[in-house]
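One-letter residues, chain by chain:
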Amino acid sequence: MTIDRAATVEMDRQDKMAPLRDTFALRDDLIYLDGNSLGPMQTKVADRVRQCLHDEWGQDLIASWNKAGWFTLPQTIGSKISRMIGGGKNDVVVTDSTSVNLFKVLAAAIAMRPERRVIVSERSNFPTDLYIAEGITAMADKGHELRLIDSVDELDSAIDGDVAVVMLTHVNYRTGAVHDMNAVTRMVHERGGLMVWDLAHSAGALPVNLAEANADFAVGCGYKYLNGGPGAPAFIYVAPRLQGSATQPLSGWYGHKAPFAFDPAYEAAPDIDRFLTGTPPILSMVALDTALDIWDQVAMEDIRDKSKRLCELFIALVESRCDGFGLALASPRDADARGSQVCFSHADAYPIMQALIARGVIGDFRAPDILRFGFAPLYVRFADVYDAVDHLVAVLQSGEWQQEQFNVKSLVT
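In what follows, the accompanying structure is described. If you're wondering where the values come from, they're calculated on a predicted model, not measured in any experiment.

## Observations concerning the overall build of the chain
Inference 1: Along the backbone of the chain there are 13 helices and 13 strands.
Inference 2: By the compact-globule yardstick of 22 Å for 413 residues, the chain fits well, its C-alpha radius of gyration being 22 Å.
Inference 3: Per-residue burial for the chain yields a buried fraction of 54% across its 413 residues.
Inference 4: The contacts of the chain with a sequence gap of at least 6 include a subset with a gap of at least 24, amounting to 72%.
Inference 5: A total accessible area of about 17300 Å² is found for the chain, and carbon and sulfur atoms account for 52% of it.
Inference 6: Of the charged side chains in the chain, 38 are positive and 54 negative, and the gap between their average positions amounts to 2 Å.

Okay, structure coming up:
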């Protein structure tokens, strides 16, 4: 590909989103291509958390549940996320973790299809999704099973009259492949099943419209493209038509129809609030709430357009400059079939990534052989892409990845 760094600098100059990078606490010499794993902090988030610490908790104490709106943060933040994923104002709440929320919606779904015993998912789905499904089937103890397919192409034959629910991640965490949400949901409904979508690698990365797709349930996290901080609370979507009938087993006090009536018997809230459980982590909630304000300044269509351009530039530069070094594109080549990440496979992916990280190019490794690079348009620059490939070329040509320090596995990869 015949493009020089000056051309990428000019791309950044013309990029109307470029000023948003300055709102993030990112060093200028850092090339951060791991926002699909943990988004960086916005400076205003730190200010907001300090305010919560010093004023709301530090001064007003328990009065802040009312005065600062702590009690309704799950709904307040949920409405912000709902706008991004095609839901209505009251269709999303922020609560718990993605894994816990997945447990809730899977339990709700199989309870709504009591005559069916099968959950279908992909073998390449994120492991926690499969682990939660395994736990649900064991707990149900009525002959339930998890049926795994190797490709969505097998979905048509996998969905029979025993399938209660299909659970898929919209964008595959390892390859970035995107499912056709509308077509898949329609197929599942035609066979009498319910559809659960995991939006962990979709929300904030590409346009999603759950209402248009007629999805039943969806979950997602707040710490990747939404930049809510490490371990930020997750979100849960329930279609309006199901909110009054779907029931979840974690019937905590926050999901009660009248939490402060302190009734000893549980009666679920009549709406999305029934999917809440316990008291929310307020410091994490205010961080996510503030981080989401930036999305009022951008359109998801523009995010998607820049994402595609960043990814296409990266693929072209890697394939033209790193030819012969054993890299193979592991993500779909078609930009429309790919999320906001690009993955290359290599037999020595782990030490290569560690060598890049030591140079200030932050991506991550996914077993067994994937170099994964995320391109978050809010702060990734076109010049970052060029510079990242420069470093990758240097690492491969020099063989520095063979150094012992880069071949020692860390707990987090």
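## A word on the packing of helix α5 (residues 98-112) against helix α6 (residues 127-140)
Inference 1: Between α5 and α6, whose axes approach to 10 Å, the crossing angle comes to 45°. Considering their axes alone, α5 and α6 lie oblique with respect to each other. Where α5 crosses over α6, the handedness of that crossing is right-handed. Across from S99, L102, F103, L106, A107 and I110 in α5, the residues of α6 making contact are T128, D129, I132, A133, I136, M139 and A140.

## Comments concerning the pattern of salt bridges
Inference 1: Scanning the model with the defined rule gives 29 salt bridges in all.
Inference 2: Here D28 makes a salt bridge to R381, at a shortest N to O gap of 2.9 Å. Of the two residues, D28 is situated in the loop between α1 (5-14) and β1 (31-32) and R381 in the loop between β13 (370-374) and α13 (382-398); the sequence distance between them amounts to 353 residues.
Inference 3: Because the salt bridges share partners, they merge into one network encompassing R21, D28, R381 and D384.

## Details of the pairing of strand β4 (residues 145-149)
Inference 1: Alignment of strand β3 (residues 118-122) against β4, held across five bridges, turns out to be parallel. Residue E122 lies in a different strand from β4, and its bridge partner there is I149.
Inference 2: Handedness of the crossover joining β3 and β4 through α6: right-handed.

## Looking at the sheet that holds strand β5 (residues 163-169)
Inference 1: What the seven strands build is an open sheet, ordered β2-β8-β7-β6-β5-β3-β4; its pairing is mixed. At either margin of the open sheet sits one strand with a lone partner, and together these are β2 (92-94) and β4. Within this sheet the neighbouring strands show an average axis-to-axis angle of 20°, counted without direction.
Inference 2: Bridge analysis of β3 against β5 gives three bridges, and the strand direction is parallel. If you follow I119 over to β5, its bridge partner there is V165.
Inference 3: Strand contacts of α6: β3, β4, β5 and β6 (194-198), with the helix running at about 150° to β4, the strand carrying the most contacts.
Inference 4: Sheet strands touched by helix α8 (residues 181-190): β5 and β6. Its angle to β6, the strand with the most contacts, is close to 150°.

## Brief notes about the pairing of strand β7 (residues 217-220)
Inference 1: The alternating pattern of β7 places F217 and V219 on one face and A218 and G220 on the opposite face, and all of these are buried.
Inference 2: The pairing of β6 with β7 spans three bridges and is classified as parallel. Each bridged residue has a counterpart across the sheet, and for D198 the counterpart in β7 is V219.
Inference 3: In the sheet, β7 pairs with strand β8 (residues 235-238) via four bridges, with the strands oriented antiparallel. Looking at β8, one finds that F217 is bridged to V238.

## Brief notes about the packing of α1 against α13
Inference 1: The geometry of α1 relative to α13 is characterised by a closest axis approach of 7 Å and an angle of 155° between their N-to-C directions. With respect to α13, the axis of α1 lies roughly antiparallel. Counted together, R5, T8, V9, M11 and D12 of α1 and F382, A383, Y386 and D387 of α13 form the full contact between these two elements.
Inference 2: Split by residue class, the contact of α1 with α13 holds five nonpolar, one polar and three charged.

Reading guide: rules and limits
Residues numbered from 1 in each chain as written. Predicted model: local features only at pLDDT ≥ 70, side-chain atom pairs only at ≥ 80, totals over all residues. Heavy atoms only, no water. Helix = DSSP H or I, 4+ residues; strand = E, 2+ residues; numbered from the N terminus. Rg over C-alpha atoms; globule rule 2.2 N^0.38 Å. Buried < 20%, exposed > 50% of the residue type's maximum accessible area, 1.4 Å probe, protein only. Contact = heavy atoms within 4.5 Å. Areas by Shrake-Rupley, 256 points an atom, 1.4 Å probe, with all protein chains shown as cover. Lys, Arg positive; Asp, Glu negative; His and termini not counted. Charge placed at Lys NZ, Arg CZ, Asp CG, Glu CD. Axes fitted to C-alpha atoms, helices over the stretch in contact; angles between N-to-C directions. Parallel < 35°, antiparallel > 145°, perpendicular 65-115°, else oblique. Left-handed = near helix turned anticlockwise from the far one by under 90°. Salt bridge = Lys/Arg side-chain N within 4 Å of Asp/Glu carboxyl O. Pairing = 2+ DSSP bridges. Right-handed = clockwise from strand over helix to strand, strands pointing away. Nonpolar A, V, L, I, M, F, W, Y, C, P; charged D, E, K, R; others polar.

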